[in-house]
Amino acid sequence: MDNKKVVTIVYGCQMSERDAETLTQITRDFGYSPSDDLESADLVIVNTCCVRESAENKILGKIGELKKLKERNPKVKIAISGCMVQQPGALERLQKRAPHVDIWEGTHNINDFSALLQRVEQGEKVAEVWQEPNATIEVASLAEKGKLQASVNVMYGCDNFCSYCIVPYVRGRERSRKPQEILQEIELLVNSGCREVTLLGQNVNSYGKEFSPAYDFADLLHQVNQIAFLLRVRFITSHPKDLSDKLIETVAEGDKLCEHFHLPIQSGSNFILERMNRKYTREYYLRRIEQIRKLIPDASLSTDIIVGFPGESEEDFEQTLAMMNQAHYSQAFTFMYSKRSGTLASKMENQIPLDVKKRRLQKLMSVQNQESLEYRQNMIGKTVEVLAEGPSKTNPERLTGRTRGNELVVFNGNLDIIGSLVNVRINEAGSWTLIGEIE
Ligand code: 5AD
Ligand code: SF4
């Protein structure tokens, strides 16, 4: 019975990764241990994403490959979970396309995976997608222990309904976890060796908006900052419209709170921002980052940008390009707009042709690569604090870690410093990596 192997494949954002971790943890109770060898797997879990069509196509390809795996090894069980399955009407379509799958499960019932797996172990096939999340289920006890870095959910769902985005439809309305539960979970993680936590939410800075008496994300950060033996705290994602002065001040003051803001702008054009329902203007956004840089001169900013949103003209796109030169992002995640059925933007006129989207994406990426390079080159000669995370994948003789601003650094050092903060002098810089030496 024991010694079964589970392979977990994840697509999408950090929430999806965190959910996949929970699913993998649940399989332990059934005697599974994690592996990456598909051929010898007894169970394969694919936690899916549906934020763009390209992700869905990749996943459909993977599900097709798993059909062949099952033909070679009929005993392997296949579970498909997450956002793609949660989309309204998706389950039936997927089931027809992939009858070889044993478990279908949406995002709202991931904590119910244990019950589903039990039925499958008894020879059933199961498909369950809850329409609403069960607010009372908590996953704190399931956080994976013993790792240097961990992600902790602080809130679920999103209320913003940006017009392009499927997330509110597959992750439901915003729900914040109670501060006590979050703090306890982090303490447990720290007791098991964790030194860096990333607080996760679709929109972390609207954390606690339903709480009375008032308690917001800055209050939570303030308390997390006091946890002994924890070295660093990160958080993603912040919505520009909810970025309060209080939050910036809290980050400026908290010694463990990393000075990195992931602040998706999505577009530099006010016309497009309005059509996206982002609820801010480029001027407002620029004032927010001015405030960040005033209080935290070394703060690092990253962003998400969509090109080719319906109705985006060359002038709108130029404004996005201009934004890159004004904001000086350390990193930008750039995407071509992808039509998601059920969203407002999918019904908008003036959808942009693929070749135009491709051209704009290429241009945007080359502008940002240059910005990222300059950003990193400015760090040459400086000494920065790095959390030593482990051997470098490309050069196992050296170590890797991240700066407080979330920039990747490769540097010399012995394995015994893994898990501690070290001062590294930066000697070289590329668009993605810094190279340095311990001082
Ligand atoms: N098309 C392209 N990109 C999208 N994103 C969200 N929805 C879409 C879509 N329909 C991007 C946004 C978001 C990031 C996680 O994914 O930039 O911030
Ligand atoms: Fe999607 Fe907008 Fe919510 Fe982010 S804030 S998850 S882009 S709806």
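Residues numbered from 1 in each chain as written. Chains lettered and ligands numbered in written order. Predicted model: local features only at pLDDT ≥ 70, side-chain atom pairs only at ≥ 80, totals over all residues. Heavy atoms only, no water.

**Q** How do you make sense of the pairing of strand E14 (residues 331-336) when you look at a structure like this?
**A** Each regular strand carries side chains that alternate between the two faces of the sheet. As paired elements, strand E13 (residues 300-307) and E14 share six bridges and run parallel to each other. Each residue of the ladder has a partner; that of aspartate 304, found in E14, is phenylalanine 333. Regarding topology, helix H12 (residues 314-327) serves as the crossover connection from E13 to the parallel E14, and that connection is right-handed. (Pairing = 2+ DSSP bridges. Helix = DSSP H or I, 4+ residues; strand = E, 2+ residues; numbered from the N terminus. Right-handed = clockwise from strand over helix to strand, strands pointing away.)

**Q** Quick question: what am I supposed to make of the site of ligand 2 here?
**A** If you check the shell around ligand 2, you find Cys158, Asn160, Phe161, Cys162, Tyr164, Cys165, Val167, Pro168, Gln202, His239 and Arg278 and nothing else. Taken together, the residues of the shell around ligand 2 break down into seven nonpolar, three polar and one charged. (Near = heavy atom within 4 Å. Nonpolar A, V, L, I, M, F, W, Y, C, P; charged D, E, K, R; others polar.)

**Q** Quick question: what am I supposed to make of the nonpolar core here?
**A** Nonpolar side chains in soluble globular proteins generally cluster together in the buried interior. Ile186, Val197, Leu199, Phe217 and Val224 are the most contacted members of the largest nonpolar core, which has 53 residues in total. Apart from residues lying up to four places away in sequence, leucine 199 is in contact with Val152, Val154, Ile186, Val204, Phe217, Leu220, Leu221, Val224, Val233, Arg234, Phe235 and Ile236. Membership of the second largest hydrophobic core comes to 28 residues, among which are Val7, Ala41, Ile59 and Trp104. (Core = buried A, V, L, I, M, F, W, Y, C linked by side-chain atoms within 4.5 Å. Buried < 20%, exposed > 50% of the residue type's maximum accessible area, 1.4 Å probe, protein only. Contact = heavy atoms within 4.5 Å.)

**Q** Before we go on, may I ask you to explain the sheet that holds strand E10 (residues 196-200) in this structure?
**A** Reading across from one edge, E7-E10-E11 is the order of the three strands in this open sheet, with parallel pairing throughout. With partners counted over all chains shown, the strands left at the sheet margins are strand E7 (149-153) and strand E11 (232-236), one partner each. Taking the axes of each pair of neighbouring strands and ignoring which way they run, one obtains an average angle of 25° across the sheet. Bridge count between E10 and E11: five bridges; the pairing is parallel. Along E11, the bridge assignment pairs leucine 199 with phenylalanine 235. Of the strands in this sheet, E7 and E10 are in contact with helix H7 (residues 179-191), which crosses E7 at around 165°. (Axes fitted to C-alpha atoms, helices over the stretch in contact; angles between N-to-C directions.)

**Q** Help me out: how do you make sense of the sheet that holds strand E5 (residues 103-105) in this one?
**A** Strand pairing within a sheet occurs via backbone hydrogen bonds; the two strands may be parallel or antiparallel. Taken in spatial order, the six strands line up as E2-E1-E3-E4-E5-E6 in an open sheet, and their pairing is parallel. Every other strand in the sheet has two partners, leaving strand E2 (32-34) and strand E6 (126-128) as the edge strands with one partner each. Adjacent strand axes in the sheet meet at a mean angle of 20°, parallel and antiparallel pairs treated alike. The strands that helix H5 (residues 113-121) touches are strand E1 (4-10), E2, strand E3 (43-48), strand E4 (77-82), E5 and E6; relative to E5, the one it contacts most, it runs at about 165°.

**Q** Any chance you could explain the packing of aromatic side chains here in plain terms?
**A** Two aromatic rings, taken as a pair, are described by how far apart their centres are and by the angle between their planes. This structure, assessed with the given rule, holds 10 aromatic pairs. Ring plane angle 85° and centroid distance 5.9 Å describe the contact between phenylalanine 235 and phenylalanine 261, whose orientation is recorded as edge-to-face. Pair noted here: phenylalanine 235 is in strand E11 and phenylalanine 261 is in strand E12 (residues 260-262), with a separation of 26 residues, a long-range link. Residue class for phenylalanine 235 comes out buried when judged on its relative accessible area of 3%. Note on tyrosine 280 and tyrosine 285: the rings are 6.0 Å apart at their centroids and 35° apart in plane angle, and the pair reads as tilted. Taken as a pair, tyrosine 280 and tyrosine 285 share a single burial class, namely buried. For the cation-ring pair, arginine 52 lies above phenylalanine 335, with the distance from its terminal atom to the ring centre recorded as 3.7 Å. (Phe/Tyr/Trp six-rings, centres within 6.5 Å; stacked < 30°, edge-to-face > 60°. Lys NZ or Arg CZ within 6 Å of the ring centre and 35° of its normal.)

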